[in-house]
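Observations on chain architecture
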Amino acid sequence: MTDKPAAGRVLLSMTGMHPKRWYDLLAKERTVVLEPDGPEDPTIDYAVVWKQPPGLLSRLPNLKAIFSIGAGVDHILADPHLPDAPIVRVVAENLTQYMVEYVSWRVLDHHRQGITYRAQQAEKRWHEPPQPPANEVAVGIMGLGVLGRAAATALKALGFTVNGWSRRERRLDGVNGFSGEAGLTPFLAATDILVVLLPLTPATTGIIDHGLLSRLRQDGPLGGPCLINAGRGPLQKEADILRALEEGTLKEASLDVFEREPLDKQSRLWTHPRVFLTPHAAASSDPAHLVPPMLAQMAAFERGEPLKNLVDREAGY
Ligand code: NDP
Ligand code: OXD
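Residues numbered from 1 in each chain as written. Chains lettered and ligands numbered in written order. Predicted model: local features only at pLDDT ≥ 70, side-chain atom pairs only at ≥ 80, totals over all residues. Heavy atoms only, no water.

1. Some remarks on the overall build of the chain
Formally: In this text, helices come from DSSP runs of H or I with a minimum length of four residues, and strands from runs of E with a minimum of two, each type numbered from the N-terminal end. Here the globule rule is a power law, 2.2 Å times the number of residues to the power 0.38, and the radius of gyration is based on C-alpha atoms. Burial classes: relative accessible area under 20% of the type maximum marks a residue as buried, over 50% as exposed, and values in between as partly exposed (1.4 Å probe, protein chains only). Residue contacts are defined here by distance: any two heavy atoms, one from each residue, within 4.5 Å place the two residues in contact. To measure how exposed things are, a 1.4 Å probe is used in the Shrake-Rupley method; for residues, cover is taken only from the protein chains shown.
Secondary structure summary: the chain contains nine helices and 12 strands in total. Taking 317 residues into account, the globule formula puts the C-alpha radius of gyration at 20 Å, and the chain, at 22 Å, falls close to it. Overall, the C-alpha framework of the chain stretches about 70 × 40 × 30 Å when taken along its three principal axes. Relative to its 317 residues, the chain shows a buried fraction of 52%. Taking the intrachain contacts of the chain between residues at least 6 apart in sequence as the baseline, contacts between residues at least 24 apart amount to 62%. As presented, the chain carries roughly 15,500 Å² of accessible surface, and 54% of it is formed by carbon and sulfur atoms.

What follows is the structure, encoded as structure tokens:
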């Protein structure tokens, strides 16, 4: 028996992640279950999910809100039987900070020619290639949302020229703004290091293809454009990235996300000398930082306050 009320029960459903830390932290204030009780469970008010099995949430007739374990919500919206409950996504200082670190690290590594220097070190070769200053290098951020804006601010502070591309027009101090289909070509033509921080939606799936990569500035100060994708894997066409690397349309790439994860061991991306890989680790969700605001939102909602950081289902993010 538990001394916690049956009302406000939470279903925790995670695929590919271990639930224990999330469970323990949620259980400090709520009754948490890992499976609904039976084919319909009217006692569940909230679901906290990462890639829930399709149809699972439609079995909860009194579901009041769905909490995403990540900033992206494509893993939730992929469910064809998703009930009409509001979806709350992660907006958290801790996660934003991780992403700012990742983007700054990868931009600086491409800018300061890390791949060239590591290859030279392996050959014990003492050679200093020309180094352009940051202000001559333009970083273009696709997606000027919570993460894109924070990354833009950090890159500005490092001295880079920063361009940003969003669906709607956005104004951000010191950032050259581009938007929509019409803004994409001029944005790409002015970009040396492309940082992808877009959500995965029907409009963005497969957007990083050969055509897009070949519109990046080809005669910039780094001797060719670089790609950094920390958004979602299906935004990119990996065969096109490899082709662009081979023909020289793309100089280097840092990829954190992949069309299929984990990345297939046969993929050429693993061993390509101008590709740097991380296993979807740019900004991991830390339950110690993300569960307390989820619990606070549930309590506020029960006091009649509106939920924050809601997903626009029509836009898909
Ligand atoms: P936001 O929802 O705050 O921002 C999304 C941005 O993308 C907005 O600027 C939006 O435009 C823009 N956008 C969406 N659709 C389009 C489109 N069709 N054309 C042009 N711009 C578009 O998201 P976050 O910044 O919080 O997160 C971005 C993504 O990062 C997440 O969706 C997730 O996939 C990924 N992520 C990856 C992590 C990792 O570890 N690799 C960790 C966390 C997140 P507008 O401003 O007009 O709305
Ligand atoms: C997220 C992620 O969406 O970790 O937060 O990918």
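2. Some points on the sheet that holds strand β5 (residues 87-88)
Put simply, the rule reads: Pairing between two strands requires that DSSP report at least two bridges joining them. Interaxial angle, 0 to 180 degrees, is taken between N-to-C directions of lines fitted to C-alpha atoms, where a helix line uses only the stretch in contact.
On the basis of which strands lie adjacent, the open sheet formed by five strands has the order β2-β1-β3-β4-β5 and parallel pairing. The two strands at the open ends of the sheet, each matched to only one other strand, are β2 (32-33) and β5. Where strand β3 (residues 44-50) meets strand β4 (residues 65-68), four bridges bridge the pair, whose relative direction is parallel. Bridge pairing links V48 to F67 in β4. The strands touched by helix α9 (residues 287-302) within the sheet are β1 (9-14), β3, β4 and β5, with β3 carrying the most contacts at an inclination of about 155°.

3. Structural notes on the pattern of salt bridges
Selection rule: Take a side-chain nitrogen of Lys or Arg and a carboxyl oxygen of Asp or Glu: if they are within 4 Å of each other, that pair is a salt bridge.
A full pass over the atoms with the stated rule returns 14 salt bridges. As a salt-bridge pair, R217 and D192 come within 2.7 Å of each other at their nearest N and O atoms. You can see R217 sitting in the loop between α7 (210-213) and β10 (226-229) and its partner D192 sitting in the loop between α6 (180-189) and β9 (193-196), a full 25 residues away along the chain. Note on D192: relative accessible area 2%, which makes it buried. With a closest N to O distance of 3.9 Å, E252 and K251 form a salt bridge.

4. Digging into the sheet that holds strand β6 (residues 138-142)
Pairing within the open sheet is parallel, and its seven strands lie in the order β8-β7-β6-β9-β10-β11-β12. The open sheet has two free edges, formed respectively by β8 (175-179) and β12 (275-277), since each of these has just one partner strand. Ignoring strand direction, the axes of neighbouring strands in this sheet form an average angle of 15°. The strands touched by helix α5 (residues 146-157) are β6, β7 (161-166) and β8; relative to β6, the strand with the most contacts, the crossing angle is about 170°.

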